[in-house]
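Residues per chain, in single letters:
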Amino acid sequence: MQGYLIIGEEAHALAICPAMGGGYRLADGAPLTLRESGGRMRIQVGETVREAEIVVAGETVWIHLEGVAYEITWRSAVERLARSADGEADGAVHAPMPGAVVKVLVQPGDVVRAGDVVMVIESMKLETTLRAPRPGVVGHGRLAVGESFERGAMLIEIGEGG
Amino acid sequence: MTDFPFASVLVVNRGEIAARVLRTVRALGLRGLLIAHEIDGRTPALDLTDDVRLVRGETPVAAFLDIPQILAAAREMGAEAIHPGYGFLSENAGFARAVEDAGMTWIGPAPETIELMGDKVRARAFVGERGFPLAPSATEDDAPVTFAERARALGAPLLLKPSAGGGGKGMRIVRDMALLDDELARARSEAQRYFGDGRLFAERYIERPRHIEVQILGDTHGAVVHLFERECSLQRRFQKVIEEAPSPALTETERAEICAVAAGIARACRYRGAGTVEFIRDENGFYFLEMNTRLQVEHPVTEMITGLDLVAEQLRVAAGHPLSFTQQDVRRDGHAIEARIYAEDPARDFAPTAGPVLRLRPPTGEGVRFDAGVLEGESVNTAFDPMLAKLVVHGADRTQALERATTALSELVLLGVASNITYLRALLEDEDVCAGRIHTGLIAEKPELAAGKPLEPETLASLIAAAALSLPQVRGAVDAIPALHAAMGAWRN
């Protein structure tokens, strides 16, 4: 099992291994330790010691380090490959942010060109128009006007053909 | 202790403002009542209330706008007064009237004042007729047929606003007059959806203006005082992000002038309770923008510099008491800054975020106030406004207030839902912001602040190490590497 830690938009290959005689070390040999001290975590990498607050939720770790909160997600190498392949083949319209449907401008079976407006969504106070990412035929709609969704949700399928 | 003709106050709101109002209600010895929506789960306000009723609706927002349901809940709990907070029904004259008709005390201005100032067109006419300064504008009401033409005549850039609007909703800037018809159509559709009224109002858009507003307070006996100004020029898409008092832009003469105009407008409409007169200011002067007939989100910065509790003042005025101080008694001390913590991701064009509040640790320290609307262990949803909390700091001067704000923002721990905390810090450390060279377009002109700083290699190493060793599944995988293999070289791919 090899994998990546995703921070923001960047994937960082995991480069940690057990050290001889216990503990862990980085690729360059720097020893690592992580231990709790008074409710906070002490991270030691080589000579550098930093204090952080860490919370784990499933495959995601939230770390508050030196005044900044980071969301770090673990993704195995296989899973990452599968996701990127899926992303390329998938012509669907995905939600760029959580929100609710204001208007659906296409019906299942409609033929659309790339760039056609297919849906208007609202998040907080803003309306955003969503466009077809490629030409094709509109598949079955998953959401009706007023329904809400999370970021990344598939809103409208756009199939081959047309 | 002041006598109140009401023994209980129902707060028709949620989030941080519900908790903030309830704190004062209870401190004054009154019963604090609340309505809530189940989607919010446990909240700070719930812990401060003597009784609560759940409200329901087609959407969670609709529940907080459902006047018959809210009044029924008020009667059930025996509410004798209603505080609307900000947003929702706070500037709904129909609600204010319904509350009074139901025999309860409305904690806010007279319904007629809400109506007058809520209609941007009437409000401007009212203010203009009395000789107060206004920016050039066109209104759809005057003659709908020629509206587009008159709007065009004002020249670009142009600002389109819903006549019935407020809070920045549905506003659009038009820079290219060729797009005016399209923009008008879109603005009308948004105005119709948000406010049930598609009429528009266009004004000359002033580039790089400052937003300066004045807090005023009036009683039922005709007395009006101002509590100095706040500068709220740091905005994103017309939503305030950081507010401060006093404004770094005004000389004492200008301060006295703008505050006197605000108090004059409040006096002219016989204002009762807490209100805010908003102005835009450029190098040529200041113009009336609108009057908000409610407590503002950013009222704590005024509380910090004056030492007053504005909610307590609202309650006393609603009880019919005269103001307990005169203009000369109002003192200004030091500098206060408020930063709004929003559930949004600056790196993704400020897209709203949602998720569980896995950890929330407020900052501490001298001059720090933290008004939160969420609790650790609960979730942030996108059903309501994205504001999670307000951080307010006070310092002896602006420099100290800025320092205290950035320190407090770095101490504030919020994990589980992405927020704008780091962005707020970057903004407060920006050289123009530090120098007080701010205007309402500053945030849009500095998109690089939203991108965040690149990670230092050492920070990255610490993060990777901490994440890997914290995730059981990753730690397990690392542990599974044979020590002999490990001895030959680091595990990489």
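Each chain has its residues counted from 1, following the order in which its sequence is written. Following the order in which they are written, the chains are lettered starting with A and the ligands numbered starting with 1. Local features are withheld for residues below a pLDDT of 70 in this predicted model, meaning they are given only at 70 or higher, and side-chain atom pairs are given and counted only at 80 or more; totals for whole chains, interfaces and linings count all residues. With hydrogens and water set aside, each side-chain value is computed from the structure's full complement of heavy atoms.

**Some thoughts on helix α5 (residues 111-118) of chain B**
Step number 1: For α5(B), every residue scored as buried is listed here: Pro111(B), Thr113(B), Ile114(B), Leu116(B) and Met117(B).
Step number 2: Close packing links the buried residues of α5(B) with α4 (93-101), β5 (105-106), α6 (120-129), α9 (252-268) and β14 (285-292) of chain B. A simple rule labels every residue: compare its accessible area, found with a 1.4 Å probe on the protein chains alone, to the largest value its type can have, and call it buried under 20%, exposed over 50%, or partly exposed in between. Per the convention used, a helix needs a DSSP run of H or I reaching at least four residues, while a strand needs a run of E reaching at least two, with both numbered from the N terminus. The contact criterion used is simple: two residues touch if any of their non-hydrogen atoms lie within 4.5 Å.

**So, the pattern of salt bridges**
Residue and element names in this part refer to chain B.
Step number 1: Just to be clear on terms, a salt bridge is a Lys or Arg side-chain nitrogen sitting within 4 Å of an Asp or Glu carboxyl oxygen. What the rule picks out here adds up to 53 salt bridges over all chains.
Step number 2: The shortest N-O distance in the salt bridge between Glu298 and Lys240 comes to 2.8 Å. Separated by 58 residues along the polypeptide, Glu298 in the loop between β14 and α10 (299-306) and Lys240 in strand β12 (residues 239-245) bring together distant segments of the chain. Lys240 matches Glu298 in its accessibility class, with the two residues each being buried.
Step number 3: Look at the salt bridges and you will find they share partners, linking Glu213, Arg230, Lys240, Glu243, Glu278, Glu298, Glu338 and Arg340 into a network.

**What to know about the confidence of the model for chain B**
Residues and elements named next belong to chain B.
Step number 1: Confidence of the predictor in every single residue is expressed as pLDDT, which spans 0 to 100. Looking at chain B as a whole, the pLDDT averages 93, with 97% of positions reaching at least 70.
Step number 2: When the criterion is pLDDT under 50, residues 489-493 qualifies, and its contacts beyond four places in sequence or with other chains add up to 21 contacts.
Step number 3: Quick note on the complex model: pTM equals 0.84, ipTM equals 0.86.

**A closer look at the environment of Val9(B)**
All names here are of chain B.
Step number 1: Within the fold, Val9 resides in strand β1 (residues 8-11).
Step number 2: In this structure, the C-alpha to C-alpha distance between Val9 and Ala96, residues 87 residues apart in sequence, is 14 Å.
Step number 3: Once residues lying within four places of it in the same chain are set aside, the contact partners of Val9 are Val25, Leu30, Arg31, Gly32, Leu33, Ala81, His83, Ile107 and Leu315.

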